[in-house]
Amino acid sequence: MLVRMTTNADTAASAATPAPADGKAPRRRAPAGAAVLREDVTEAIRAAVFEELAAVGYARMSIEGIARRAGVGKTAVYRRWRSKRHLVLDLVSAIAVQGLPAPDTGSLEGDLRLLYEVTSRALRHPVAGQIIPDLQAEAARNPEIAEALQKALREGQQGVASGIVAAATARGEVREGADLDLALDLMSGPLYWRAVVVRGPKLPKPYLATLARTTAAALKAL
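Keep in mind that what you see is a predicted model, and the values were worked out from it rather than measured.

A. How the structure looks around the overall build of the protein chain. Helices and strands together make up the secondary structure of the protein chain, namely 9 helices and 0 strands. Reading the helices (α) and strands (β) of the protein chain from amino to carboxyl end gives α-α-α-α-α-α-α-α-α. A buried classification covers 35% of the 222 residues belonging to the protein chain. Within the protein chain, contacts between residues separated by at least 24 positions form 69% of all contacts whose residues are at least 6 apart in sequence. With the model as given, the accessible surface of the protein chain reaches about 13,200 Å², and the carbon-plus-sulfur share is 57%.

Here's what the structure looks like:
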């Protein structure tokens, strides 16, 4: 999500509170350290992380660079995350719970076609095309990032796949008890292979329709 960057301080300094005329003790202010973190600053930092990852990769990414892109000081970043590793782990893990609503076109082939259109657009985005391969390479060296990336990519797709299969089962297009793990492999594998691994030219126009029709036939055969 694109957010407006801000150069304001994360929290405003508290002014001294004068004693009231009635002599009662003034209400105590919450200490500055307990101030609620501003959401617009948090969102600016999150957007900056994705931009920085796409521009320089995880290995060269720095808190300084993130803060500069977000238009905030380094302190604003460190208030929220202890290090760039924790920051990236948090953001990648959050992807898993966002997910997309399962398509509901009334047919298995139609649901798959819509899923592939949305996923294809997302994977063709320049930022996604740069970030995913870089994090996959980093995952080979960092078990924590590997676990977070697998959770984000697998669970995000698994929720949608389960919804599509459940709807198809209710319509009688897929048999009861079909192997959901195999269904997920069949539904997600080809598009990720073309977009993330092969990274070839733009998909030919009939590719998604053909893929949806072929995958629907495979799912019905499970």
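B. Representation of the pattern of salt bridges in the model. Under the counting rule described, the total for this entry stands at 10 salt bridges. With a shortest N-O distance of 2.3 Å, R69 and E52 are connected by a salt bridge. One end of the pair, R69, is in helix α2 (residues 63-70); the other, E52, is in helix α1 (residues 39-60), with 17 residues separating them in the sequence. A relative accessible area of 30% means that R69 is categorised as partly exposed.

C. Local environment of the packing of helix α5 (residues 108-124) against helix α9 (residues 207-220). Where α5 meets α9, the closest approach of the two axes is 8 Å, and the angle between their N-to-C directions is 130 degrees. Judged by the inter-axis angle, α5 sits oblique to α9. As α5 runs across α9, the sense of the crossing is right-handed. The residues of α9 that touch α5, namely those facing L108, E109, L112, R113, Y116, E117 and S120, are L208, A209, L211, A212, R213, T215, A216, L219 and K220. Considering only residue class, the contact of α5 with α9 consists of 9 nonpolar, 2 polar and 5 charged.

D. Structural view of the packing of aromatic side chains. Taken as a whole and assessed by the stated rule, the structure comprises 0 aromatic pairs. A cation over an aromatic ring shows up here: K84 above the ring of Y58, its NZ or CZ 4.6 Å from the ring centre. Over the ring of Y207 we find R194; its NZ or CZ atom is 4.7 Å from the centre of that ring.

E. Representation of the packing of helix α8 (residues 180-198) against α9 in the model. Where α8 meets α9, the axes come as close as 9 Å, and the angle between the chain directions of the two elements is 155 degrees. Viewed along their axes, α8 and α9 adopt a mutual orientation that is roughly antiparallel. α9 is crossed by α8, and the crossing has right-handed handedness. Only Y207, L208, L211, T215, A218 and L219 of α9 make contact with α8, whose side of the interface consists of A183, L186, M187, P190, L191 and R194.

F. Examining α8 more closely. With 19 residues, α8 should reach 27 Å at 1.5 Å per residue; the first-to-last C-alpha distance of 26 Å fits that figure. Along α8, the helix axis deviates most sharply at Y192, where the bend reaches about 40 degrees. Turning to α8, its buried residues number three or more, namely A183, L184, M187, S188, L191 and V196.

G. Expanded view of the environment of L182. Mapped onto the fold, L182 is located in helix α8. Looking at L182, the relative accessible area reads 38%, which means it is partly exposed. Taking C-alpha positions, L182 is 8.6 Å from L222, a pair spaced 40 residues apart along the chain.

H. Spotlight on α2. What α2 keeps buried is the set I63, G65, I66, A67 and A70. Count one or two residues on from α2 and you reach G71, which has phi positive near 75 degrees.

I. Seen up close, the side chain of E138. One can find E138 in helix α6 (residues 126-139). By relative accessible area, which is 10% here, E138 ends up buried.

J. Region of interest: the nonpolar core. With 29 residues, the main nonpolar core has I45, V49, I66, V72, V77, L87 and L135 as its most contacted residues. Looking at this core, the elements that each hand over two or more residues are α1, α2, α3 (74-78), α4 (84-98), α6 and α7 (143-171). Of all the elements, α1 adds the most residues to this core, at 8 residues. With sequence-adjacent residues up to four places away left out, I45 is seen in contact with I66, A70, V72, A76, V77, R80, W81 and L87. If you look at the next biggest cluster of nonpolar residues, it comprises 22 residues, including L115, I164, V174 and L219.

The rules behind the values
- Residues numbered from 1 in each chain as written.
- Predicted model: local features only at pLDDT ≥ 70, side-chain atom pairs only at ≥ 80, totals over all residues.
- Heavy atoms only, no water.
- Helix = DSSP H or I, 4+ residues; strand = E, 2+ residues; numbered from the N terminus.
- Buried < 20%, exposed > 50% of the residue type's maximum accessible area, 1.4 Å probe, protein only.
- Contact = heavy atoms within 4.5 Å.
- Areas by Shrake-Rupley, 256 points an atom, 1.4 Å probe, with all protein chains shown as cover.
- Salt bridge = Lys/Arg side-chain N within 4 Å of Asp/Glu carboxyl O.
- Axes fitted to C-alpha atoms, helices over the stretch in contact; angles between N-to-C directions.
- Parallel < 35°, antiparallel > 145°, perpendicular 65-115°, else oblique.
- Left-handed = near helix turned anticlockwise from the far one by under 90°.
- Nonpolar A, V, L, I, M, F, W, Y, C, P; charged D, E, K, R; others polar.
- Phe/Tyr/Trp six-rings, centres within 6.5 Å; stacked < 30°, edge-to-face > 60°.
- Lys NZ or Arg CZ within 6 Å of the ring centre and 35° of its normal.
- Expected span 1.5 Å × (residues − 1).
- Bend = angle between axes of the 7 residues up to and from the residue.
- Core = buried A, V, L, I, M, F, W, Y, C linked by side-chain atoms within 4.5 Å.

That is the geometry; function is a separate question.
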